[in-house]
Amino acid sequence: MRFETLDQLAEICLKENKTIAEVMLADQAKETGISADEVFRQMAEYYQVMKEAVQKGLTGNTKSRSGLTGGDAKKVADYMRQGESSLGGPSATAMAYALAVSEVNASMGRIIATPTAGSCGIIPGVFVSAQERFGWDDDKLVHGLFTAGAIGFVIANNASISGAEGGCQAEVGSAIGMAAGAMVELRGGSAQQAVHAVGLALKNCLGLICDPVAGLVEIPCIVRNGLGAVTALAAADMALAGVGSVIPADEVIGVMLEVGSAMPTKHRETGKGGLAATPTGRKLTKELVEQRRRKAKEAKEAKQPPSDTK
Amino acid sequence: MRFKNVFSIIGPSMVGPSSSHTAGAVRIGRVARKLLGCQPEKAQMTLFGSFAETYWGHGTDLALTAGLLNFDTDDERIPEADLEAEKAGMVTEWVQGKGNGPHPNSVKISLWGGDRKAEIVAASIGGGTIAVYSLNGFDVQITGEYPTIAVTHSDRQGVLASLTSLLSREGINIGYMDVDRKGRSEAAMTVFELDSAPEGSLIEEMLKLPHVLEVTLIDLTQRS
């Protein structure tokens, strides 16, 4: 890739009069030796999986394997249909869709890691709802995924996209930044504005710890995906309105690394701190452990021959 | 740069819930199966660290099993991999590892099938990316992201030259190479991570080279 920072990326776009998506697609083709058409086709396949996950999350059974979560996306979608939501229709739709994909993930359904499975709801939530709202064709959204990918590429290489490394700011935070920047470009904003959106979005995610109950990608991951989709839309709007990130996005990414490194281990995907360590978090964990022991014991007993045959 | 391309950020296409505990585990299982070279009849998994602590909630056990059945990361049969294993006649055994593995998410897999045996030690290091630390007792450092050839041979002069010249003749570029031996003049393993997948005939040719005992192609880039 010809860029290591968002500043360099915006510079290339300006110089070559290209969008971030066009630069990413061309650079990806060059780096991998695979034709741009083939690279595009692969991404288009991924977009279909995202759309399917939204549908599945709104209509199918999304009960997770642990039994802790499921069905909330449908609740939000139904609530919206019944009247005016506090958030307003389009944002609430993005939120419901993001919850839907995250719930599909927790129920061992098919998703695209964007950038991780724990943060897989935000980009589809923002993209699929925007597509319906603005009547865009699939190809446009696939371009948007290259924009999101370029932004994530910079974050991943200069900070982190792993909860175990940098906390939830690295997973959900990165996804929010990626979705915000992509949304700016999809709506005709400049690369510079897209980069501002990333800065604005990431600023609001700094310090977010990764504290999943029982270490599972469910509580609080799923709701954070729903809320993240809304933050991404808000950051995109600010940037499109001309609001700049006074602290440049690359410097915010630097702060993300600093904060992530300073985070205690218990707040980095161990399930031992934060919400996971609350009385309720501990209780749920204990119940799951007991449930598992019981099942293991039952399975063992079922396999053993009856004692009188010994 | 740790992340080299756009699909390491957008992707993989996978069955949830965790890119580390599920998608990465599928890939590890597939590498192990490729090393064995056939459907395993028996598989023993020793789990370490976070794999051992939370595998049940993340479906890591199902994901490893799915990989051993050669399923891809987004195969919708992953949640029923235990039943699929039964159908395929594969018995799985789960062991809690003692002490620390080489990484917080690691597993040692021992496989038996036909008259063959294989063993790998690997870890899932984030976003579905894996690191393989050992193949059949030889220390290696591979990722499964590129078509990989593992060659078991005797530690003799000229073996590497004959292998690399075959790859060179086919116009295949080596991205990474690793050699380990049990001892001087004893068994050795060389692994090549390649920029493009080799033809089956090249593998056949390698097998015919002097002192070469076994050649295995580990290619996860091809969908099963």
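Since this is a predicted model, take the numbers as computed values, not measurements. (Residues numbered from 1 in each chain as written. Chains lettered and ligands numbered in written order. Predicted model: local features only at pLDDT ≥ 70, side-chain atom pairs only at ≥ 80, totals over all residues. Heavy atoms only, no water.)

1. What to know about the overall build of chain A
Item 1. Summing up its helical and strand segments, chain A has 13 helices and 1 strand in all.
Item 2. Overall, chain A shows an N-to-C arrangement of helices and strands of α-α-α-α-α-β-α-α-α-α-α-α-α-α.
Item 3. When its C-alpha atoms are laid out on the principal axes, chain A stretches across 80 × 45 × 45 Å.
Item 4. Carbon and sulfur atoms make up 53% of the accessible area of chain A, which totals about 13400 Å².
Item 5. Considering chain A, the positive charge centre built from 32 side chains and the negative charge centre built from 34 side chains are found 11 Å apart. (Helix = DSSP H or I, 4+ residues; strand = E, 2+ residues; numbered from the N terminus. Areas by Shrake-Rupley, 256 points an atom, 1.4 Å probe, with all protein chains shown as cover. Lys, Arg positive; Asp, Glu negative; His and termini not counted. Charge placed at Lys NZ, Arg CZ, Asp CG, Glu CD.)

2. Notes on the packing of aromatic side chains
Item 1. Counted according to the given criterion, the structure contains 5 aromatic pairs over all chains.
Item 2. Ring geometry for F3 of chain A and F153 of chain A: centres 5.5 Å apart, planes at 75°, overall edge-to-face. Taken together, the positions of F3 of chain A in the segment before α1 (6-16) and F153 of chain A in helix α7 (residues 138-158) put the pair 150 residues apart, joining distant regions of the chain.
Item 3. Looking at F3 of chain A, the relative accessible area reads 0%, which means it is buried.
Item 4. Between the aromatic rings of Y46 of chain A and F7 of chain B, the centroid separation amounts to 5.7 Å while the plane-to-plane angle is 85°, which identifies the pairing as edge-to-face. Linking Y46 of chain A in helix α3 (residues 36-59) with F7 of chain B in the segment before β1 (13-15), this pair reaches from one chain into another.
Item 5. Take F7 of chain B: its relative accessible area is 17%, and that puts it in the buried class.
Item 6. Over the ring of W136 of chain A we find K140 of chain A; its NZ or CZ atom is 5.0 Å from the centre of that ring.
Item 7. The ring of W112 of chain B carries the charged tip of K42 of chain B above its face, separated from the ring centre by 4.6 Å. (Phe/Tyr/Trp six-rings, centres within 6.5 Å; stacked < 30°, edge-to-face > 60°. Buried < 20%, exposed > 50% of the residue type's maximum accessible area, 1.4 Å probe, protein only. Lys NZ or Arg CZ within 6 Å of the ring centre and 35° of its normal.)

3. Here we look at the sheet that holds strand β10 (residues 187-194) of chain B
All names here are of chain B.
Item 1. Strands sit in the order β9-β10-β8-β11 across an open sheet of 4 strands; the sheet is antiparallel. With one partner strand each, in any of the chains shown, β9 (174-181) and β11 (212-218) form the two edges of the open sheet. Neighbour to neighbour, the strand axes of the sheet diverge by 15° on average, direction disregarded.
Item 2. Here strand β8 (residues 148-154) pairs with β11 via 6 bridges, running antiparallel. For T148, the partnering residue across the bridge sits in β11 and is I218. (Pairing = 2+ DSSP bridges. Axes fitted to C-alpha atoms, helices over the stretch in contact; angles between N-to-C directions.)

4. Quick notes on the sheet that holds strand β3 (residues 91-96) of chain B
Residue and element names in this part refer to chain B.
Item 1. Sheet architecture is open: 6 strands sit in the order β3-β2-β4-β5-β6-β7, paired in mixed fashion. At either end of the open sheet lies a strand with only one pairing partner, and these are β3 and β7 (138-142). Across the sheet, the axes of successive neighbouring strands diverge by a mean angle of 20°, strand direction being ignored.
Item 2. Alignment of strand β6 (residues 129-135) against β7, held across 3 bridges, turns out to be antiparallel. Bridge pairing in β7 links S134 to D139.
Item 3. Where helix α1 (residues 19-36) meets the sheet, its contacts fall on β4 (105-113), β5 (116-126) and β6, and the angle it forms with β5 comes to roughly 155°.
Item 4. Packing against the sheet, helix α2 (residues 49-58) makes contact with β2 (42-48), β3, β4 and β5, and its axis sits at approximately 110° to β2. (Contact = heavy atoms within 4.5 Å.)

5. A look at the side chain of S66 of chain A
Residue and element names in this part refer to chain A.
Item 1. For S66, the position within the fold is in the loop between α3 and α4 (72-81).
Item 2. By relative accessible area, which is 12% here, S66 ends up buried.
Item 3. A polar contact of 3.1 Å, which involves the side chain of S66, links it to the backbone nitrogen of L68.
Item 4. Sequence-distant contacts of S66, that is, excluding residues within four places in its chain, are made with L216, E218, L288 and Q291. (Polar contact = N/O pair within 3.5 Å; in protein donor to acceptor, adjacent residues only side chain to side chain.)

6. Points about unusual backbone geometry
Item 1. At the junction of G11 of chain B and P12 of chain B, the peptide bond is cis and its omega measures out at 10° in the coordinates.
Item 2. Looking at the element boundaries, P12 of chain B is found in the segment before β1.
Item 3. Between G16 of chain B and P17 of chain B the backbone carries a cis peptide bond, its omega angle lying at 10°.
Item 4. By the element assignment, P17 of chain B lies in the loop between β1 and α1.
Item 5. If you check the backbone angles, M108 of chain A has positive phi at about 60° while not being a glycine.
Item 6. On the secondary structure map, M108 of chain A appears in the loop between α5 (89-106) and β1 (110-112).

7. Notes on the interface of chain A and chain B
Item 1. Counting residues at the interface gives 49 residues for chain A and 32 residues for chain B.
Item 2. The interface formed by chain A and chain B includes 3 salt bridges.
Item 3. E76 of chain B is paired through a salt bridge with R110 of chain A; the nearest N and O atoms lie 3.7 Å apart.
Item 4. Put simply, chain A and chain B have 13 residue pairs in polar contact (both at pLDDT 80 or more) between them.
Item 5. Mapped by element, the contributors of at least two residues to the side of chain A that touches chain B are α2 (20-32), α3, α5, β1, α7 and α13 (279-303) of chain A.
Item 6. Counting residues per element, the side of chain A that touches chain B draws most heavily on α7 of chain A, at 9 residues.
Item 7. Split by residue class, the side of chain A that touches chain B holds 30 nonpolar, 13 polar and 6 charged.
Item 8. Pairing of β1 of chain A with β1 of chain B, which is carried by 3 bridges, proceeds in the antiparallel orientation. Across the sheet, the residue bridging to R110 of chain A is V15 of chain B, located in β1 of chain B. (Salt bridge = Lys/Arg side-chain N within 4 Å of Asp/Glu carboxyl O. Nonpolar A, V, L, I, M, F, W, Y, C, P; charged D, E, K, R; others polar.)

8. Quick look at the UniProt feature "domain: Serine dehydratase-like alpha subunit" (unreviewed entry) in chain A
Item 1. Following the UniProt record, one finds the feature "domain: Serine dehydratase-like alpha subunit" (unreviewed entry) at residues 16-276 of chain A.
Item 2. Across residues 16-276 of chain A, the secondary structure splits into 65% helix and 1% strand, with the terminal C-alpha atoms separated by 48 Å. (UniProt positions renumbered as here; feature names shortened; annotations may be inferred.)

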